[in-house]
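What the coordinates show
Listed below, chain by chain, are the residues.
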Amino acid sequence: MATVLNIAPSENKVSSFVSRTHKMLINGKWVGAASGKTFDTYNPATGEVLSRVAEGDREDIDRAVKAARAAFEGRWSQLTPSERGRLIWKLADLLEENLEEFAELESLDNGKPLKIARVADVPLAVDLFRYMAGWATKIEGNTIPISVPYAPGAKFLAYTLREPVGVVGQIIPWNFPLLMAAWKLGPALATGNTVVLKPAEQTPLTALRLGELFQEAGFPDGVVNIVSGFGETAGAALAAHAGVDKVAFTGSTEVGKLILQAAAGNLKKVSLELGGKSPNVVFADVDLDAAIAGAASAIFFNHGQCCCAGSRLYVENKIFDKVVEGVAENAKKINVGPGQDESTDMGPLVSAEQLNRVCGYLESGFSEGAKAVAGGGRLGDKGYFVKPTVLVNTNEKMKVVQEEIFGPVVTAIPFSDPAELVTQANDSVYGLAAGIWTRDIQKAHRLASQLRAGTVWINCYNIFDAALPFGGYKQSGWGREMGHEVLEQYTEVKAVCTAL
Ligand code: ADP
């Protein structure tokens, strides 16, 4: 394991940002929590305090919601779609100009390798904002020829409008803090809503820095409000607030159900992007090297802290040993260390809680008879590092096969009968994503149609694009992120009918 790097105590933009006590963005002003409270965030590579952040709660959420309402009814609604789109584009430009700073902040806060944040997290966020900026001028309704059987001979002009839902509460997780903020803010703003965003308590820094860029880009006060705080307090207050018209959540399925209950009070609209336990299927006719590398990156990318991680690896019997050996080799070669070290391929898990959770799952797997052919536990005793792990001797009943581990742990299971495979692959309460590796296009597309998942990757994995919708079947969620599909979730349809 590489040595832990300290942040240079210098004029460096990142270290000076990190060392501030952070306030929240409410109505265009940076303010402390109404309670005056703050909380610490931790560097996952060392377990030491990284930064201090205002601890927002019910009262702060209430202020932010009121600011968002005033902006929605005021300045924001007076802007033309083109002006709205240009502001979002400007924000994307600013983010791109500050790419390195955001990548460093993300790596420090979340633990992910800096080199990954540079090429994935930040550029994907920039691209998302640009894609959504383009939509601002294309939110269209239809003209609809109607027949009205009980009004013979009458003529009507009927059309639909797509209008913003209003004030949107957005609650995001810690695995891709900046990118999840972009996935949420981009479509909400493109369609003309105003937002109260609550970042995850483990990783609030890039969202707060993004708040500064919203101001620099010239967004009117109150359009984007960012309230840092904990889930059970600030998050719950946002999900329940009667002044919020819609709540959009990404996180665990367990909390997704709480969001739904909280939203019932005023029947606010709800969209949810939740957990997964995605099957990744490798057939014997495959390009072996590509499949092995693909299966490894499907689970180990972002330390397995992806809701779509390919965590259940199904391999056709004939090549099972070879694939398992290949993925295990791959796992052993991964350089695990602090994210800021350029040689690091995999950083620490985000928190002590996640470390305990993942190690708990490993112990449960071993106690039920699973065997690790790579990894199998914590790495070192400082920071939250876990060894990339490949488990065999598992079966469908085990917790490690059924439940989302959210860490670098894959269970490899052989199959021989394709019909049984479909049943096995779909045997999950989740339905977020799936992978298929084969050279046979008929087999690939037939299986793609049989899998109950919102995304199916064929001969690839973890391919994301702002234009490609992402979201879940079953308990993986409601609605879709990205693509034009997401716009429906941020708009109401108004039917207007005129007698001619
Ligand atoms: P994880 O368990 O992986 O930390 P969560 O689903 O708990 O994921 O967290 C995702 C987001 O949901 C975070 O911003 C967190 O603060 C928030 N959150 C957690 N609990 C609640 C809750 N009861 N109500 C609203 N938001 C919550």
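What this report covers is the structure whose coordinates are included nearby. (Residues numbered from 1 in each chain as written. Predicted model: local features only at pLDDT ≥ 70, side-chain atom pairs only at ≥ 80, totals over all residues. Heavy atoms only, no water.)

**Details of the site of the ligand**
Heads up, the rule is: Near is defined per residue: the residue qualifies when any heavy atom it owns lies within 4 Å of the molecule or strand. Two N or O atoms count as a polar contact when they lie within 3.5 Å, although within protein this holds only if one can serve as hydrogen donor and the other as acceptor, and sequence-adjacent residues are included solely when both atoms are side-chain atoms. In short, Shrake-Rupley with a 1.4 Å probe defines the accessible areas, and a residue's cover is counted only from the protein chains shown. Cavities and pockets were defined on a 1 Å grid built over protein atoms only: a cavity is a set of grid points that admits a 1.4 Å probe from which the probe cannot escape, a pocket is an open set flanked by protein on both sides within 12 Å along at least five of seven lines, and lining residues are those with an atom within 4 Å of any such point. Just a note on the criterion: a molecule sits in a pocket or cavity if more than half of its atoms are within 2 Å of the grid points. Only DSSP runs of H or I reaching four residues or more are called helices, and only runs of E reaching two or more are called strands; each is numbered from the N terminus. Each residue receives one of three labels: charged for Asp, Glu, Lys and Arg, nonpolar for Ala, Val, Leu, Ile, Met, Phe, Trp, Tyr, Cys and Pro, and polar for the others, Gly being one of them.
Near the ligand there are 18 residues, and of these Ile172, Trp174, Lys198, Glu201 and Ser252 occur at the shortest range. One of the side-chain nitrogen or oxygen atoms of glutamate 201 is found 2.5 Å away from an oxygen atom of the ligand. Backbone polar atom of alanine 236 to a nitrogen atom of the ligand: 3.5 Å apart, as the coordinates give it. Protein burial of the ligand: of its 560 Å² of free accessible surface, 85% is covered by the chains. In a pocket analysis with a 2 Å cut-off to the grid points, the ligand is assigned to the largest pocket. If you list the elements that add at least two residues to the shell around the ligand, you get helix H9 (231–240), strand E10 (246–250) and helix H10 (253–263). Of the residues assigned to the shell around the ligand, the class counts are 10 nonpolar, 6 polar and 2 charged.

**Points about the sheet that holds strand E5 (residues 48–54)**
Hydrogen bonds along the backbone pair up the strands of a sheet, which may run parallel or antiparallel. Short version of the rule: The pairing criterion is simple: DSSP has to find at least two bridges between the two strands.
Reading across the sheet, the 3 strands line up as E1-E5-E4 and stay open at both edges, with mixed pairing between neighbours. Two strands in the sheet have a free side with no partner beyond their single neighbour: strand E1 (21–22) and strand E4 (38–43). Alignment of E4 against E5, held across 6 bridges, turns out to be antiparallel. For threonine 38, the partnering residue across the bridge sits in E5 and is alanine 54.

**Remarks on the sheet that holds strand E13 (residues 312–316)**
Defined as follows: Here an angle of 0 to 180 degrees is reported between the N-to-C directions of two axes, which are lines fitted to C-alpha atoms, with helices fitted over the stretch in contact. By definition, residues are in contact when any of their heavy atoms lie within 4.5 Å.
Across the sheet, which stays open at both edges, the 7 strands sit in the order E14-E15-E16-E13-E12-E18-E19 with mixed pairing between neighbours. Both outer strands of the open sheet, strand E14 (371–374) and strand E19 (455–458), are each paired with one neighbouring strand and no more. The mean angle between the axes of side-by-side strands here comes to 25°, regardless of whether they run parallel or antiparallel. Strands in contact with helix H15 (residues 418–425) are strand E12 (279–282), E13 and strand E16 (409–415); relative to E13, the strand with the most contacts, it is inclined by about 180°.

**Focus: the packing of aromatic side chains**
The condition is simple: Classification of ring pairs rests on two measures: the distance between centres of Phe, Tyr or Trp rings, Trp counted by its six-membered ring, which must be within 6.5 Å, and the angle between planes, read as stacked under 30 degrees, edge-to-face over 60 and tilted in between. Partly exposed describes any residue whose relative accessible area lies between the buried limit of under 20% and the exposed limit of over 50%, with all areas from a 1.4 Å probe on protein chains only and scaled to the type maximum. For a lysine, the NZ atom is tested; for an arginine, the CZ atom; a charge sits over a ring if that atom is within 6 Å of the ring centre and within 35 degrees of the ring normal.
Tallying each qualifying case throughout the model produces 13 aromatic pairs. Taking the centre distance of 5.7 Å and the plane angle of 35° together, the rings of tryptophan 76 and phenylalanine 219 count as tilted. Here the residue tryptophan 76 occupies a position in helix H3 (residues 75–78), and phenylalanine 219 occupies one in the loop between helix H8 (205–217) and strand E9 (224–226), the gap between them amounting to 143 residues. Here tryptophan 76 and phenylalanine 219 have matching classes, each one buried. One Lys or Arg, lysine 246, reaches over the ring of tyrosine 490 and ends 4.7 Å from the middle of that ring.

**Points about helix H5 (residues 99–110)**
Condition: Expected helix span is computed as 1.5 Å times (number of residues minus one).
The end-to-end C-alpha distance of H5, which contains 12 residues, comes to 16 Å, matching closely the 16 Å that a straight helix rising 1.5 Å per residue would cover. Counting buried positions over the 12 residues of H5 gives 9, a clear majority of the element. Within H5, burial applies to Glu101, Phe102, Ala103, Leu105, Glu106, Ser107, Leu108, Asp109 and Asn110.

**Comments concerning the nonpolar core**
Cut-off, in case you're wondering: By nonpolar core we mean a set of buried residues, namely Ala, Val, Leu, Ile, Met, Phe, Trp, Tyr and Cys, connected to one another through side-chain atoms within 4.5 Å.
One finds Leu95, Phe129, Leu185, Leu189, Leu210 and Phe219 to be the most contacted residues of the largest nonpolar core, which totals 103 residues. At 10 residues, helix H7 (residues 177–190) tops the list of elements feeding residues into this core. Counting 29 residues, the second-largest nonpolar core is a separate cluster that includes Val400, Ala425, Ala434 and Ala444.

**Some remarks on the layout of surface pockets**
Where empty space is left becomes clear once a probe the size of a water molecule has been rolled over the atoms. Just so we agree on the cut-off: Grid points are joined across faces, edges and corners, and a volume is the space filled by probe spheres set on the points.
Here the largest pocket is characterised by a volume of approximately 1000 Å³. Every residue lining the largest pocket is counted, 38 residues in all, and those nearest its centre are Phe249, Gly251, Ser252, Glu254 and Val255. Elements that contribute at least two residues to the lining of the largest pocket include exactly H9, E10, H10 and helix H13 (352–367). It is H10 that provides the largest number of residues to the lining of the largest pocket, a total of 6 residues. Here the residues of the lining of the largest pocket are counted per class, giving 18 nonpolar, 11 polar and 9 charged. Roughly 300 Å³ of internal volume is contained in the second largest pocket. Taken together, 25 residues make up the lining of the second largest pocket; nearest its centre are Leu124, Phe176, Leu179, Phe301 and Phe464. When residues in the lining of the second largest pocket are grouped by element, the largest group, 7 residues, is from helix H6 (residues 114–135). Along the lines of polarity and charge, the residues of the lining of the second largest pocket split into 18 nonpolar, 3 polar and 4 charged.

**A few points about H9**
Within an α-helix, residues lying three or four positions from one another point in the same direction, as the helix has 3.6 residues per turn. Within H9, the full set of buried residues consists of Ala234, Gly235, Ala237, Leu238 and Ala239. For H9, the secondary structure elements touched by its buried residues are helix H2 (58–73), strand E7 (167–171), strand E8 (194–198), E10 and H10.

**Overview of the environment of threonine 491**
Examined against the element boundaries, threonine 491 turns out to sit in strand E22 (residues 491–499). Sequence spacing of threonine 491 and arginine 75 is 416 residues, and the spatial spacing of their C-alpha atoms is 19 Å. Those residues in contact with threonine 491 that sit more than four places away from it in its chain are Ile139, Arg162, Glu163, Pro164, Val165 and Thr191. A polar atom in the side chain of threonine 491 sits 2.7 Å from the side chain of arginine 162.

**What to know about the side chain of histidine 303**
Positionally, histidine 303 belongs in the loop between helix H11 (288–300) and E13. Within the structure, the side chain of histidine 303 is placed 3.0 Å from the backbone oxygen of proline 348, a separation counted as a polar contact. Apart from the residues lying within four places of it in its own chain, the contact partners of histidine 303 are Gly111, Lys112, Pro113, Met346, Gly347, Pro348, Leu349, Gly407 and Pro408.

It is worth stressing that arrangement in space is one thing and function is another; only the former is reported here.
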